[in-house]
Amino acid sequence: MEKVVQGLRQLGAWILGLGTSIEELHRFFNRNVRLTENCTIHEGAIAGMRHLCRAQGWRAPVKFSLHPLNSPACLRQWRVLLHLLNFISEDRRREFCLFWVPTPSQPRWTARSQSPQAWDKELMEVDGPEEMWLPEDRPAPEEETGAALTEGATGCDPGEEVGRCEEWWQPEAAEATVQGASALGPMQEGEAQGLAPLEHLVDSHFHLDRTWKATFGAAPLGTTPDLLQAAPVVDHRMAQLQVWGVEVYCDPPTYPSQISADPRYRTAVGLHPKKVEALTDGIFRQLLGLWGNAACIVGEIGLDHSVPAKEWKRQEKALKELLPHAPAGRPIVLHIRGPNGDEEAGATYARMMQLLLAYLPPEQPLVLHCFSGGEETVREWLRTFPNVYFGYAGQVRGFNSDQVAGLRAVPLDHLLVETDSPYMPPEGHRRNSPALLCLVGDLVAEARGMTTEDFLRAATENATRLFWW
């Protein structure tokens, strides 16, 4: 429910300005939009509205009405959202759709001439949804409300209880949506052939602070878009795609003062196992304060056995202090590395699993960052934590046959791609960058035995589903 609230607030910020409340967005809609009187509301939608009223402390009407809206909770109804999206730019519509339902599923059509043969029950009752206004017909928010359209202040990823992705702005493109690891079943390799082109990629793990320092030295830390602007030009067929991603902070001196408000990027904050000596009371409180933000991802944290064995117990002690405070259901990014010479790190992965089982439920979403394990390690993690994802980066160039078998054993809907910038740059580059993700994709796809396009499509779908929850 929190995600629904975040989504409505984000729409209000885009349409009316920062700080707009859901109640103000409700009044704006009733001033500017009138739905037809024969609109009906599905029983499931009514239940969701009542739940939202309880969560927000609003009085729930005896009967919800869409003509006009008699409760702010009605804003979550799909017809209402469809009309609100006409007050924002096409780019914002795309962002909102991705955050509302991360994994594309069955499209809902807005033009009767393009509607599918199988109508769902709700659409059949009203003989199709209302048409979207043409751009030249829709009211200008500045004229109607006296408030200018502004950039939103916070990223949001609504989607709870919606259950489907609605391609509101381009019905013709919805025919080519990707059926990812959703209720419709896992994605199979080769499914991406002939589908709509990707609009962006997702780097599931990069260090903005470290990459910025490696690129600009002592310059003040800038943003990921600034970093991408300074990246080298890449000669690659997919280099024109925008790169979204997860900005990872694991060094206390460079912890962010706030979580990223750019909806294209997620912020992960943790403590690198080689830095556990920095876990003072002050850093502990700082970490918990950042994790208190619903948009913050936990990690990277973990075990690094490449250091002397006398330090391993200190790493475990830090994990035991941190894991009980990891927010339930939030992705946790794990750093796991074995002793020097142990490429597959089987014992270290097994020890990490033992520690996690003492504090986390089996359904906990996990990311094994820079995964290097073999096939048996893959299968054991999937049996124990079914929502585990495996991140691969440039380290695949040095994989042995067992590690390649592990990569190929990972189900397609559990794969992620990462640069781990500024480390492990592709050949010909001094340092890594999210801008080089397509080159990393080439390396992993080749080792996996599939095309780069299919691999990057799957990895993008998986990362969107996992991190834009």
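Preceding this paragraph is the structure being described.
Quick look at the structure, then. These figures come from a predicted structure and were not determined experimentally.

Rules of the game
- Residues numbered from 1 in each chain as written.
- Predicted model: local features only at pLDDT ≥ 70, side-chain atom pairs only at ≥ 80, totals over all residues.
- Heavy atoms only, no water.
- Helix = DSSP H or I, 4+ residues; strand = E, 2+ residues; numbered from the N terminus.
- Buried < 20%, exposed > 50% of the residue type's maximum accessible area, 1.4 Å probe, protein only.
- Contact = heavy atoms within 4.5 Å.
- Polar contact = N/O pair within 3.5 Å; in protein donor to acceptor, adjacent residues only side chain to side chain.
- Pairing = 2+ DSSP bridges.
- Axes fitted to C-alpha atoms, helices over the stretch in contact; angles between N-to-C directions.
- Core = buried A, V, L, I, M, F, W, Y, C linked by side-chain atoms within 4.5 Å.
- Phe/Tyr/Trp six-rings, centres within 6.5 Å; stacked < 30°, edge-to-face > 60°.
- Parallel < 35°, antiparallel > 145°, perpendicular 65-115°, else oblique.
- Left-handed = near helix turned anticlockwise from the far one by under 90°.
- Nonpolar A, V, L, I, M, F, W, Y, C, P; charged D, E, K, R; others polar.
- 1 Å grid on protein atoms, 1.4 Å probe; cavity = no way out; pocket = protein on both sides within 12 Å on 5 of 7 lines; lining within 4 Å.
- Points joined across faces, edges and corners; volume = space filled by probe spheres on them.

### Considerations on the environment of Tyr265
Take Tyr265: it is sitting in strand 3 (residues 265-269). Taking relative accessible area as the criterion, Tyr265 reaches 4% and is therefore assigned buried. Taking the C-alpha atoms as reference, Tyr265 lies 9.8 Å from Pro225; in sequence the two are 40 residues apart. If we ignore the near neighbours within four places in the chain, the residues touching Tyr265 are Thr224, Pro225, Leu228, Val243, Trp244, Gly245, Glu247, Ser260 and Trp468. One polar contact links the side chain of Tyr265 to the main-chain carbonyl oxygen of Val243, over a distance of 3.5 Å.

### Comments concerning the sheet that holds strand 3
Pairing between the strands of a sheet comes from backbone hydrogen bonds, and it takes one of two forms, parallel or antiparallel. Within the open sheet, the eight strands sit side by side as 1-2-3-4-5-6-7-8. Their pairing is parallel. Bordering the open sheet on either side are strand 1 (200-206) and strand 8 (415-417), each of which pairs with just one other strand. Strand-to-strand, the axes of this sheet are offset by a mean angle of 25°, without reference to chain direction. Examined bridge by bridge, strand 7 (residues 388-392) and strand 8 share three bridges and lie parallel to one another. The residue bridging Gly391 from the neighbouring strand is Leu416, located in strand 8. This element, helix 15 (residues 437-448), spans strand 1, strand 2 (242-249), strand 7 and strand 8 of the sheet and lies at about 145° to strand 8.

### Comments concerning the nonpolar core
Formed by 73 residues in total, the largest nonpolar core has its most connected members in Leu334, Leu356, Leu366, Leu368, Trp381, Phe390 and Tyr392. If you tally residues by element for this core, the top one is helix 15, at seven residues. Apart from residues no more than four positions distant in its own chain, Phe390 is found in contact with Leu368, Phe371, Val378, Trp381, Leu382, Val410, His414, Leu415 and Leu416. With 32 residues, the next largest nonpolar core counts Val4, Val5, Leu35 and Ala73 among its residues.

### A few points about the packing of aromatic side chains
On inspection of all chains with the given rule, the structure shows nine aromatic pairs. A ring pair is formed by Trp244 and Trp468, whose centres lie 5.7 Å apart and whose planes are at 50°; its orientation type is tilted. Taken as a pair, Trp244 in strand 2 and Trp468 in the segment after helix 16 (452-467) lie far apart in primary sequence, 224 residues in all. On the basis of an interplanar angle of 75° and a centroid distance of 6.1 Å, the ring pair of Tyr392 and Phe399 is categorised as edge-to-face. We note that Tyr392, like Phe399, is buried.

### Topic: the packing of helix 11 (residues 312-322) against helix 12 (residues 346-357)
Contact pair helix 11 / helix 12: the axes reach a minimum separation of 10 Å and the direction vectors enclose 30°. Classified by the angle between their axes, helix 11 and helix 12 sit roughly parallel to one another. Crossing hand, helix 11 versus helix 12: right-handed. Counting all contacts with helix 11, which are made through Glu316, Leu319 and Lys320, the residues of helix 12 involved are Arg351, Met352 and Leu355. Considering only residue class, the contact of helix 11 with helix 12 consists of three nonpolar, no polar and three charged.

### What to know about the packing of helix 14 (residues 401-409) against helix 15
The interhelical angle for the contact between helix 14 and helix 15, taken along N-to-C directions, is 95°, at an axis separation of 9 Å. Taken together, helix 14 and helix 15 sit at an angle that is classed as roughly perpendicular. Facing helix 14, whose interface residues are Val404, Leu407 and Arg408, helix 15 presents Val444, Glu446, Ala447 and Arg448. Considered class by class, the residues forming the contact of helix 14 with helix 15 number four nonpolar, no polar and three charged.

### A look at the layout of surface pockets
In this structure, the largest pocket spans a volume of roughly 530 Å³. In terms of lining, the largest pocket is formed by 26 residues, of which the most central are Ile336, Arg337, Cys370, Ser372 and Gln395. The greatest single-element share of the lining of the largest pocket, amounting to three residues, is contributed by strand 5 (residues 332-337).

The values are spatial; any link to function lies outside them.
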